[in-house]
Amino acid sequence: MPAADVEAFYEREAQDRFLPTECTRGPWDAGSQHAGPPAALLGLAVEQRPGARPDMRVARLSYEIMRPVPLTPLTVATRVLRAGRSTELVEAALTPDGGAEVMRVTALLMKAAPHSVPEVSPGPQVPGPAAAPHQAFFPVPWDRGYHTAMEVRFAAGSFLETGPATAWMRMRVPLVADEGITPLSRVLTAADSGNGVSAELDFHRYLFVNADLTVGLHRHPEGEWVCLDARTMVDGSGIGLAESALHDEKGPLGRSTQSLYVAERG
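What comes next concerns the included structure. Quick caveat: nothing in here was measured; it's all calculated off a predicted structure.

Another point: the overall build of the protein chain. For the protein chain, the count of helices and strands is four helices and 13 strands. Taking 2.2 N^0.38 as the reference for a compact globule, 266 residues should give roughly 18 Å; the C-alpha atoms of the protein chain span a radius of gyration of 18 Å, in line with that estimate. By principal-axis analysis of the C-alpha atoms, the protein chain measures approximately 50 × 45 × 35 Å. The burial tally for the protein chain puts 50% of its 266 residues in the buried class. Roughly 12400 Å² of accessible area belongs to the protein chain as shown, and the carbon and sulfur atoms make up 53% of that amount. The protein chain carries 24 positive and 32 negative side-chain charges, and their two centres are separated by 6 Å.

This is how it looks when you write it as structure tokens:
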């Protein structure tokens, strides 16, 4: 059972063990988490691992989502796959009590040397969150979950429309109770929603299952808001791809992609 009456996505029971709350519950299955919070939890484990170097910054995270993440206690394990002077490769895995591994991330970190090279960050700007109206999630059959723990404002599109969308997202609660929210956590909690905001087919008739998530960041995120300028492409064979240009209020900061299994609901 999820931890009750906690205004956060997780409670930390031990350094590597977390209790999910109802805020993690996804919109499709009452017993499963939205993939955004566990993705952020793995990212936090990479950031907080023993021996983490302060001059290293996450540049890319590649997630494998083996199965839905249940609303049960979770253990996070990390290990360093490669450690060099300017790059590191770190793996983190998420395992529920009494079950098999459900999600894994391989994170590439790079040495950051501020002001060592000219800054180049081309790319289109998007309207900021102040110019984007609040819109509710599509109808969800439970009162509390990811859909209530996140604030969403659409500069273009909506959950109830098909096609590309530009959605600003902000966490209403911390990732871990009584702990500050890291900038990386803000991005990762939102990034898995790219397909959800830009679905091209009616979700009542078709299901979209993303088996992975890749997030690349060319700079450190700033502020509370993260924008997904998202679109989804689907082939007639049932394989799709959702891609999102990631922004904060300063401008473009990276990109995320999701590989999709698409099928008609039975």
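Continuing now.
Turning our attention to the side chain of serine 198. Secondary-structure assignment places serine 198 in the loop between helix 4 (194–197) and strand 9 (206–210). A polar side-chain atom of serine 198 sits 2.8 Å from the main-chain carbonyl oxygen of glycine 194. Beyond its immediate stretch of four places on either side in the chain, serine 198 contacts Gly163, Pro164, Ala165, Ala230, Arg231 and Thr232.

Turning next to the environment of methionine 110. Take methionine 110: it is sitting in strand 6 (residues 103–111). C-alpha separation for the pair methionine 110 and glutamate 7, spaced 103 residues apart in sequence, amounts to 33 Å. Once residues within four sequence positions are removed from consideration, methionine 110 is found in contact with Asp55, Met56, Arg57, Ala59, Ser86 and Thr87.

Glancing now at the nonpolar core. Judged by nonpolar contacts, the single largest core of 65 residues is most densely connected at Phe9, Leu61, Tyr63, Leu94, Met103 and Val215. It is helix 1 (residues 36–48) that contributes the most residues to this core, seven residues altogether. Ranked by size, the runner-up nonpolar core spans five residues in total, among them Ala132, Trp168, Trp225 and Cys227.

Right, let's get into helix 3 (residues 183–191). With eight of its nine residues buried, helix 3 lies for the most part within the structure. By the burial criterion, the buried members of helix 3 are Leu184, Ser185, Arg186, Val187, Leu188, Thr189, Ala190 and Ala191.

Its 13 residues place the ends of helix 1 18 Å apart at the C-alpha level, agreeing with the 18 Å of an ideal helix rising 1.5 Å per residue. Within helix 1, 11 of the 13 residues are buried, which leaves the element mostly enclosed by the surrounding structure. Within the span of helix 1, buried status applies to Gly36, Pro37, Pro38, Ala39, Ala40, Leu41, Leu42, Gly43, Leu44, Ala45 and Val46.

A word on the pairing of strand 5 (residues 87–96). For strand 5, a buried count of eight out of 10 residues is recorded, marking the element as mostly surrounded by other parts of the structure. Bridging between strand 4 (residues 74–83) and strand 5 involves nine bridges; their strand directions are antiparallel. Directly across from valine 80, in strand 5, lies its bridge partner valine 90. Counting the residues between successive antiparallel strands, the hairpin from strand 4 to strand 5 contains three residues. For strand 5 and strand 6, the ladder comprises eight bridges, and the chain directions are antiparallel. If you follow leucine 89 over to strand 6, its bridge partner there is leucine 108. Counted between consecutive antiparallel strands, the loop separating strand 5 from strand 6 contains six residues, among which glycine 98 sits at a positive phi close to 70 degrees.

According to the stated counting rule, one finds 15 salt bridges in the structure shown. Residue glutamate 179 pairs with arginine 12 through a salt bridge whose shortest N-O separation is 2.7 Å. One end of the pair, glutamate 179, is in the loop between strand 8 (165–171) and helix 3; the other, arginine 12, is in strand 1 (residues 10–14), and 167 residues separate them in sequence. Residue classification places glutamate 179 among the partly exposed residues on the basis of a relative accessible area of 25%. The partner of glutamate 222 in a salt bridge is lysine 250, with the nearest N and O atoms 3.5 Å apart. Remark: lysine 250 occurs in the loop between strand 12 (239–248) and strand 13 (251–264) and glutamate 222 occurs in the loop between strand 10 (212–217) and strand 11 (226–234); sequence separation between them is 28 residues. Judged by its relative accessible area of 41%, glutamate 222 is partly exposed. A relative accessible area of 47% places lysine 250 in the partly exposed class. Shared partners join several salt bridges into a network, and the residues in it are Glu151, Arg153, Arg170 and Glu224.

Conventions used here
Each residue is numbered by its place in its chain's sequence as written, counting from 1. Totals for whole chains, interfaces and linings use all residues, but because this is a predicted model, local features are given only for residues with pLDDT of at least 70 and pairs of side-chain atoms are given and counted only at 80 or more. The side-chain numbers reported here are obtained from all heavy atoms of the structure, hydrogens and water having been left aside. A run of H or I in DSSP counts as a helix once it spans at least four residues, and a run of E counts as a strand once it spans at least two, with each numbered from the N terminus. The globule rule used for comparison is 2.2 Å times the number of residues to the exponent 0.38, while the radius of gyration itself is calculated over C-alpha atoms. Exposed residues in this analysis have more than 50% of their type's maximum accessible area, buried residues have under 20%, and partly exposed residues fall in between, with area computed by a 1.4 Å probe over protein chains only. In short, Shrake-Rupley with a 1.4 Å probe defines the accessible areas, and a residue's cover is counted only from the protein chains shown. Here the positive residues are Lys and Arg and the negative ones are Asp and Glu; neither His nor the chain ends is included. For the purpose of locating charges, the reference atoms are NZ of Lys, CZ of Arg, CG of Asp and CD of Glu. Polar contacts, as used here, are pairs of N or O atoms within 3.5 Å; protein pairs need one atom able to donate a hydrogen and one able to accept it. Residues neighboring in sequence count only if both atoms are side-chain atoms. When checking whether two residues touch, look at their non-hydrogen atoms; a contact exists if any pair is within 4.5 Å. In these notes, a set of buried Ala, Val, Leu, Ile, Met, Phe, Trp, Tyr and Cys residues joined through side-chain atoms within 4.5 Å is what counts as a nonpolar core. For a helix, the expected span equals 1.5 Å multiplied by the residue count minus one. Each pair of strands is called paired provided DSSP finds at least two bridges between the two strands. The term salt bridge refers to a pairing of a side-chain nitrogen on Lys or Arg with a carboxyl oxygen on Asp or Glu at a separation within 4 Å.

That's the geometry; what it means functionally is another story.
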